[in-house]
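Residue-level listing of the chains:
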Amino acid sequence: MPYLFHCIPDLLFAAMMPVATVMPDDTPMFDPRILQELDWSENTTTFSPAISPLDPGDGLVLRPLCTADLNRGFFKVLGQLTETGVVSPEQFIKTFEHMKRSGDYYVTVVEDTNLGQIVATATLVIEHKFTHSCAKRGRIEDVVVSGECRGKQLGKLLTSTLTLLSKRLNCYKITLECLPKNVDFYKKFGYLVSDENYMFQRISSDLKVDEFHGIYTM
Ligand SMILES: CC(C)(COP(=O)(O)OP(=O)(O)OC[C@H]1O[C@@H](n2cnc3c(N)ncnc32)[C@H](O)[C@@H]1OP(=O)(O)O)[C@@H](O)C(=O)NCCC(=O)NCCS
């Protein structure tokens, strides 16, 4: 009997095996030392009482996102900013790995270690450009503090940290988009209202929940 025939049952079995499931873990999206080694004396915002990325407050830790944060209420916090949609663990891990591999995503969280819950998050994305001698632009995105923890300086801490991080990564400019009601918040860190218009075109306005798979489809 040709060799291939012997192999067919094995090949069929391999094809039927479930794809290895990747489990959420504590691997950080980026090296936490870059946050710990920021020169906090360069921070221009006032904190009272004094807090810093190394010492964000009692029981709090400021650190990079990891996939285990999926089970620590990361989406519950993000959902207080905007519609998150239904995201499966596989989708979350795939997107996380993509961001991690690129090296340009700094999704940062504050965890309340007593509760084992994420209470705040903000993201710095580095955009690479050919202009300005192949410069980098920092974009601050998705700044949100959970309702119960607002007013404890965590929004300020994350925004100051990511602003300093952009400088540390040699960005020539940092930009962000926000609602008019939040303009004064960002002015605290030196951001100015631009003369340029923010324009957009919404492409996926037609998202529907696929009830069978529990995911959003076009
Ligand atoms: C905006 C947000 C991140 C601020 O975080 P926070 O933890 O509540 O604020 P902090 O405690 O860090 O900062 C408090 C300081 O900011 C000021 N502040 C807070 N929210 C503000 C706002 N929307 N506009 C102007 N100032 C604001 C406070 O007056 C205070 O000023 P002070 O330090 O001079 O006393 C938080 O309210 C939030 O998550 N909002 C919902 C999501 C959102 O809108 N995110 C911004 C997306 S662009």
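Residues numbered from 1 in each chain as written. Predicted model: local features only at pLDDT ≥ 70, side-chain atom pairs only at ≥ 80, totals over all residues. Heavy atoms only, no water.

The name given to the chain in an unreviewed UniProt entry is Glucosamine 6-phosphate N-acetyltransferase, and the organism recorded there is Lamprotornis superbus. The Pathway (unreviewed entry) field of the UniProt record for the chain holds the comment "Nucleotide-sugar biosynthesis; UDP-N-acetyl-alpha-D-glucosamine biosynthesis; N-acetyl-alpha-D-glucosamine 1-phosphate from alpha-D-glucosamine 6-phosphate (route I): step 1/2." As recorded by UniProt, the Sequence similarities (unreviewed entry) comment attached to the chain reads in full: "Belongs to the acetyltransferase family. GNA1 subfamily." (UniProt positions renumbered as here; feature names shortened; annotations may be inferred.)

Notes on the pairing of strand β2 (residues 105-112)
Taken across its eight residues, β2 has seven buried, putting it largely inside the fold. As paired strands, strand β1 (residues 60-64) and β2 are joined by five bridges and run antiparallel to one another. By the bridge assignment, Leu 60 is partnered in β2 with Asp 112. Pairing of β2 with strand β3 (residues 117-128) involves eight bridges; the strand directions are antiparallel. Bridge pairing links Asp 112 to Gln 117 in β3. (Buried < 20%, exposed > 50% of the residue type's maximum accessible area, 1.4 Å probe, protein only. Helix = DSSP H or I, 4+ residues; strand = E, 2+ residues; numbered from the N terminus. Pairing = 2+ DSSP bridges.)

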